[in-house]
Amino acid sequence: MEGWDPTTKSTLTQIPLLSVKAGPRDGAAWMQRLKEEYKALIAYTSMNKAKDNDWFRISAANPEGTRWTGKCWYIHNLLKYEFDLQFDIPVTYPATAPELELPQLDGKTQKMYRGGKICLTVHFKPLWAKNCPRFGIAHALCLGLAPWLAAEIPVLVDSGMIKHKDDASSINES
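Residues numbered from 1 in each chain as written. Predicted model: local features only at pLDDT ≥ 70, side-chain atom pairs only at ≥ 80, totals over all residues. Heavy atoms only, no water.

A.B. asks: Explain helix H4 (residues 137–158) here, please?
C.D. replies: Since one α-helical turn is 3.6 residues long, residues separated by three or four positions face the same way. Under the 1.5 Å per step criterion, the end-to-end length of H4 is 30 Å for 22 residues, consistent within 8% with the ideal 32 Å. Approximately 30 degrees is the largest bend angle found in H4, and it occurs at Leu145, with the proline Pro147 only one to four residues beyond. Gly160 lies just past H4 and shows a positive phi near 85 degrees. (Helix = DSSP H or I, 4+ residues; strand = E, 2+ residues; numbered from the N terminus. Expected span 1.5 Å × (residues − 1). Bend = angle between axes of the 7 residues up to and from the residue.)

See the structure below:
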């Protein structure tokens, strides 16, 4: 955590680390891991709400906890930009981080792969590998998606690649 800004460091230290090293193919051990994931997500969400920094909602889309869907948003120039968020838990999880997808932004930036998967290879993947199995979904959102949104959304808005929903509706009405 050396070289990180104090806010990121503080946030990260408050997200519980996980201890169960299990993936979707590991039966009962995966269910224990899933419980830890939920506890970490609840802690991270509660912390964000307490700091008035609420920026995502996700939930498991299937009972096995291998598919997750939700919304994330970013405030830029006092306007809220909201996006669908989805990802699958890889079969090699937790050794492999989930690939976070924002399908609405597919093809709008070079820092994205086909299907709207955000690019996390250079900065996040080594960090994930170093901290496996202690990192989970909440850590991927905190250290992967949050900085990606902060870096990319202002550029996409300022370049006109994405429009605020109110701007889009006023164009459609005229």
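A.B. asks: What am I meant to see in the state of the cysteines here?
C.D. replies: The bond known as a disulfide is covalent and runs between the sulfur atoms of two cysteines. Taken as a whole, this structure holds zero disulfides when the rule is applied. Counting only cysteine sulfurs, Cys142 is the nearest neighbor of Cys72, a cysteine outside any disulfide, at a range of 14 Å. A relative accessible area of 0% means that Cys72 is categorised as buried. No disulfide involves Cys119; its sulfur sits 16 Å from that of Cys72, the nearest cysteine. (Disulfide = S-S within 2.5 Å. Buried < 20%, exposed > 50% of the residue type's maximum accessible area, 1.4 Å probe, protein only.)

A.B. asks: Just checking my understanding: could you explain the UniProt feature "active site" (unreviewed entry) in the protein for this structure?
C.D. replies: The positions that UniProt labels "active site" (unreviewed entry) are, in the present scheme, Cys119. Within the secondary structure, Cys119 is located in the loop between strand E5 (117–118) and helix H3 (124–130). With residues near it in sequence (within four places) discarded, Cys119 still touches Lys111, Met112, Tyr113 and Trp148. (UniProt positions renumbered as here; feature names shortened; annotations may be inferred. Contact = heavy atoms within 4.5 Å.)

A.B. asks: Got a minute to help me understand the pattern of salt bridges in this structure?
C.D. replies: Pairs can form between side chains of opposite charge whenever their charged atoms are close. Summed over the entire model, instances satisfying the criterion amount to seven salt bridges. A salt bridge links Glu82 to Lys80; its shortest N-O distance comes to 3.8 Å. What makes Glu82 partly exposed here is its relative accessible area of 40%. Among the ionic pairs, Lys111 bridges to Glu152, the shortest N-O distance being 3.3 Å. You can see Lys111 sitting in the loop between strand E3 (79–88) and strand E4 (112–113) and its partner Glu152 sitting in helix H4, a full 41 residues away along the chain. (Salt bridge = Lys/Arg side-chain N within 4 Å of Asp/Glu carboxyl O.)

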